[in-house]
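Breakdown of the fold
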Amino acid sequence: MSPVRLGPVTTTTCEAIPAGKCSPMCRHRSAGVARSERTGSRAAWTGGSSETLRYRNRELRATEVRGRGAGYELPEDLPLASGRHLAEMDDVRRRMVCVIGPEVVEELFPGLDPLGHGIRRGRETYEVVGVTAAKGKVFGQTQDRFVTIPMRTFQKYKQERGSVTIAIKSRDEASLPL
């Protein structure tokens, strides 16, 4: 899929732009990433819910399951501890893959490398392709208990059409126009 330019913003979600005229941020189904070529900022479409996850006989309740477009790791500051982040083709093809936080690793995979293993969410099983580095807690709330799946996969299996958040991060403050 080739990038589409809309002024200073480039998107890789061509289906979101009929005849190249519509903003990629106006379509709920346009889970993807927009890049500003002028400022180097990134935007990622996101959605989420709280779920119970399973691996073999282990169960983890109240885990945040996030639907994310490719590039989500930049605005969310999520470096990897191992594996890889979600790619655009994971999203486009609605692949059953996930990136998990370190608390999920501790609870579901004690003493194991989770890469390549499957996490069950209801009837679906997602292959673990990446683990993020620990972020710790903010105001007593963990930032490490989550599973991230491709946004289109999230929409397909959640059957929800609720709100979608767009996370944006500039490369640095100096690159922002005044």
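For the structure itself, consult the block above.
My aim in this report is to walk through the structure given alongside it, one point at a time.

A few words on the overall build of the protein. Helix and strand content of the protein: 3 helices and 13 strands. Buried residues in the protein amount to 44% of all 178 residues. In the protein, the share of contacts with a sequence separation of at least 24, taken over all contacts with a separation of at least 6, comes to 61%. Approximately 9,400 Å² of the protein is accessible, and the part contributed by carbon and sulfur atoms is 49%.

Next up on the list: unusual backbone geometry. We note that Asp77 has phi near 50 degrees; this positive angle belongs to a residue other than glycine. Its relative accessible area of 42% is what places Asp77 among the partly exposed residues.

All right, on to the packing of aromatic side chains then. For the structure on display, the rule yields 1 aromatic pair. Relative to Phe109, the ring of Tyr55 lies with its centre 4.4 Å away and its plane at 45 degrees, an arrangement referred to as tilted. Of this pair, Tyr55 sits in strand S4 (residues 42-55) while Phe109 sits in the loop between helix H2 (102-108) and strand S8 (118-121), and the two are 54 residues apart along the sequence. Its relative accessible area of 1% is what places Phe109 among the buried residues. Across from the ring centre of Phe146, 4.0 Å away, lies the NZ or CZ of Arg66, which sits over that ring.

Of all 9 residues that make up strand S9 (residues 124-132), 7 are buried, and the element is covered over most of its length. Judged from the 4 bridges that link them, strand S7 (residues 97-100) and S9 form a sheet pairing that is parallel. Each bridged residue has a counterpart across the sheet, and for Val97 the counterpart in S9 is Glu127. Pairing of S8 with S9, which is carried by 4 bridges, proceeds in the antiparallel orientation. Its bridge partner lying in S9, Arg121 is registered against Glu124.

Moving on to the nonpolar core. The nonpolar side chains of soluble globular proteins are, as a tendency, buried together. Core analysis: the biggest nonpolar cluster contains 18 residues, and Cys98, Ile100, Leu108, Phe109, Ile119 and Val147 have the highest contact counts within it. Put simply, the parts of the chain that give this core at least two residues each are S4, strand S5 (58-68), S7, H2, S9, strand S12 (146-150) and helix H3 (151-158). Excluding residues within four positions of it along the chain, Ile119 makes contact with Leu53, Arg54, Cys98, Ile100, Val104, Leu108, Phe109, Glu124, Thr125, Tyr126, Val128 and Val147. Grouped together as the second largest cluster of nonpolar side chains are 7 residues, Tyr72, Leu78, Val129 and Phe146 included.

Reading the values: rules and limits
Positions within a chain are numbered from 1, following the residues in the order the chain's sequence is written. Totals for whole chains, interfaces and linings use every residue, but because this is a predicted model, local features are given only for residues with pLDDT of at least 70 and side-chain atom pairs only at 80 or more, for both listing and counting. Excluded from the side-chain calculations are hydrogens and water; all other atoms, namely the structure's heavy atoms, are used. Put simply, DSSP marks the helices as runs of H or I at least four residues long and the strands as runs of E at least two long, and each gets a number from the N terminus on. Only protein chains enter the accessibility calculation, which uses a 1.4 Å probe; a residue is then buried when its area is under 20% of its type maximum, exposed when over 50%, and partly exposed in between. It only takes one pair of heavy atoms within 4.5 Å for two residues to be counted as in contact. Surface exposure here means Shrake-Rupley accessible area, sampled with a 1.4 Å probe, where a residue is shielded only by the protein chains that are shown. Geometry of aromatic contacts follows a simple scheme: Phe, Tyr and Trp rings, the Trp one being its six-membered ring, pair when their centres are within 6.5 Å, and the pair is stacked under 30 degrees between planes, edge-to-face over 60, tilted otherwise. Counting as a charge over the ring demands two things of the Lys NZ or Arg CZ atom: a distance within 6 Å of the ring centre and an angle within 35 degrees of the ring normal. A pair of strands counts as paired when DSSP detects no fewer than two bridges linking them. Side-chain atoms within 4.5 Å link the members of a nonpolar core, which is a set of buried Ala, Val, Leu, Ile, Met, Phe, Trp, Tyr and Cys residues.

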